[in-house]
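Chain residues, written in single-letter form:
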Amino acid sequence: MTPFPSQRMQGIEKTLIRQINDRADASCINLGLGELAFPTPLAILERLAAEVKSWPLGYTPNAGLPELRQLIAQRTGPGVTAEQVCVTIGAEEALFALIMVLVSPGDEVLVPDPGFPSYPTLVRMAGGRPVGYALSPARHFALDLEEIGRRMTPRTRLLVLNSPNNPTGAVYSGEDMKDLAVLCRRQELTVLADEVYREIMYEGRAESLAPFYERTIVVNSLSKMYSMTGWRLGWCVGPPEIIRTVIIFNQLAISCPPAICQRAALLALQGVGDREKAAYLEELRRRRNLAAQCLDRYAGLKCEKPSGTFYLFADISAELSPSRTSWDVALELIAREKVVAIPGLAFGRAAENFLRLSFAATPENIEEGIRRIGRFFGKA
Ligand code: PMP
């Protein structure tokens, strides 16, 4: 019999984030999923309803609608052109396409630890070797250039950067970006900069690496920015020679992102839903403050108040032991308290002592969920 699955898929499992969520049922309070509970901005839906009959909705070019590529290029920065843009099925397909295009078997890819678990999994699917660069809790999960330098070898092909960071909420400074550019230029390293949380900021501004470093490919999407996860609309922007190959990949993998979603993206990026987007951000800021207060009051757990993203990364080291990992805690939380939280282990080794709590949930669920976590740890 032919071996199944293919070598490429052997040992590839759903990420631990999904595995935890799959164990939850509708009666659980979900502080696990990285999804805003807000609806698609109504202004976008209304314009869409009014205009949809006049739109051609057949295949679009493989790289996306020319006017959408143009708009994304303009938003990305001065001098960026439409040929540097490829529209994708969410940021996730952009990550997949880029890693397939850039990583050969045996290549090493530097990925953040803790970090979004798709990165190392996709690298393995491409036959590459993910190498974690640690973001240490002792340094508030800041970018550690010495650590990155130590992990670089002649086989390093790509570095994945995620700021604001999922799961830690850390945001890297302009100085960090400048220094990282110097380090990467020395090795002619390509950088994949995942910026899906760049507009979910409560204080200050999240810098992009792109203006500092020419071999940066920026990935972004409507998912978090406009609370439009289900529209599955994202993009990548980078050097034309890389994007040309991503477009070929797009043709073979998806033909094109759905035309109607691209039209919705045009409306979103023209600013049609911006009033609601701003209101969502204000509401998220209130929920962040509420979640941090609840964590302190009900559970006595420490966490950094994140200046970006919608995650609290709570330190549960005092509750763990060699026979009780963050994974065990997350399973027990579902079984005993019906609360879904993501174990640090899902994001890498450096995050083992943590639990990720999403404050994208409703205020009632945030408060009740954290109250139950406190009770679970014997604090209430
Ligand atoms: N990157 C990061 C860091 C994420 O957290 C997510 C979604 N949780 C994605 C990419 C994928 O987003 P999308 O919905 O645009 O595919």
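Scroll up to find the structure this text is about.
Parameters and conventions
Residues numbered from 1 in each chain as written. Predicted model: local features only at pLDDT ≥ 70, side-chain atom pairs only at ≥ 80, totals over all residues. Heavy atoms only, no water. Helix = DSSP H or I, 4+ residues; strand = E, 2+ residues; numbered from the N terminus. Rg over C-alpha atoms; globule rule 2.2 N^0.38 Å. Buried < 20%, exposed > 50% of the residue type's maximum accessible area, 1.4 Å probe, protein only. Contact = heavy atoms within 4.5 Å. Areas by Shrake-Rupley, 256 points an atom, 1.4 Å probe, with all protein chains shown as cover. Lys, Arg positive; Asp, Glu negative; His and termini not counted. Charge placed at Lys NZ, Arg CZ, Asp CG, Glu CD. Pairing = 2+ DSSP bridges. Near = heavy atom within 4 Å. Polar contact = N/O pair within 3.5 Å; in protein donor to acceptor, adjacent residues only side chain to side chain. Nonpolar A, V, L, I, M, F, W, Y, C, P; charged D, E, K, R; others polar. Axes fitted to C-alpha atoms, helices over the stretch in contact; angles between N-to-C directions.

K.L.:
Describe the overall build of the chain, naming the residues involved and giving the relevant values.
P.N.:
In terms of regular secondary structure, the chain is built from 13 helices and 13 strands. The C-alpha atoms of the chain give 21 Å as radius of gyration, which agrees with the globular expectation for 380 residues (21 Å, within 12%). With the C-alpha coordinates aligned to their principal axes, the bounding extent of the chain is approximately 55 × 55 × 55 Å. Across the 380 residues that make up the chain, the buried fraction comes to 55%. Pairs at least 24 residues apart make up 74% of the contacts formed inside the chain by residues separated by at least 6 positions. Accessible surface, the chain as shown: approximately 16,400 Å² in total, 52% of it carbon and sulfur. Distance from the positive charge centre (43 side chains) to the negative charge centre (42 side chains) of the chain: 2 Å.

K.L.:
I'd like to hear about the pairing of strand β5 (residues 156-162), residue by residue, with values.
P.N.:
The buried fraction of β5 is high, at six of seven residues. With three bridges connecting them, strand β3 (residues 108-113) and β5 associate as parallel partners. Residue Glu-108 lies in a different strand from β5, and its bridge partner there is Thr-156.

K.L.:
Describe helix α5 (residues 118-125), and please don't skip the residues or the numbers.
P.N.:
Among the eight residues of α5, seven are classified as buried, and the element is accordingly described as predominantly covered. What α5 keeps buried is the set Ser-118, Tyr-119, Pro-120, Thr-121, Leu-122, Val-123 and Met-125. Contact partners of the buried residues in α5: α4 (90-102), β3, β4 (129-134), β5 and β6 (190-194). Two residues or fewer after α5 comes Gly-127, characterised by a positive phi angle close to 85 degrees.

K.L.:
How would you explain the site of the ligand if you had to name every residue and give the values?
P.N.:
Taken together, 14 residues lie near the ligand, and Ala-91, Asp-194, Ser-221, Ser-223 and Arg-232 sit nearest. In the model, a nitrogen atom of the ligand is placed 2.8 Å from a nitrogen or oxygen of the Lys-224 side chain. In isolation the ligand offers 400 Å² of accessible surface; the protein chains occlude 91% of this area. Only α4 and α8 (222-225) provide two or more residues apiece to the shell around the ligand. Ranked by the residues each element gives to the shell around the ligand, the list is headed by α4, at three residues. Looking at the shell around the ligand residue by residue, the classes come out as five nonpolar, five polar and four charged.

K.L.:
Any chance you could break down the sheet that holds strand β10 (residues 311-315) for me, citing the residues and the numbers?
P.N.:
Strand pairing in a sheet relies on backbone hydrogen bonds. The paired strands run either parallel or antiparallel. Strand order in this open sheet of four strands is β9-β10-β13-β12, and the pairing throughout is antiparallel. Both edges of this open sheet fall to β9 (302-303) and β12 (342-343), since each of them pairs with a single strand only. Sheet strands touched by helix α11 (residues 274-299): β9, β10 and β13 (354-358). Its angle to β10, the strand with the most contacts, is close to 15 degrees.

K.L.:
Run through the pairing of β13, naming residues and quoting values.
P.N.:
For β13, the buried fraction is high: five of the five residues fall into the buried class. Judged from the five bridges that link them, β10 and β13 form a sheet pairing that is antiparallel. Along β13, the bridge assignment pairs Asp-315 with Phe-354. In this structure, β12 lies alongside β13, joined through two bridges in antiparallel fashion. From the neighbouring strand, Ile-342 faces β13, where its bridge partner is Arg-356.

This is a description of form; function is not addressed.
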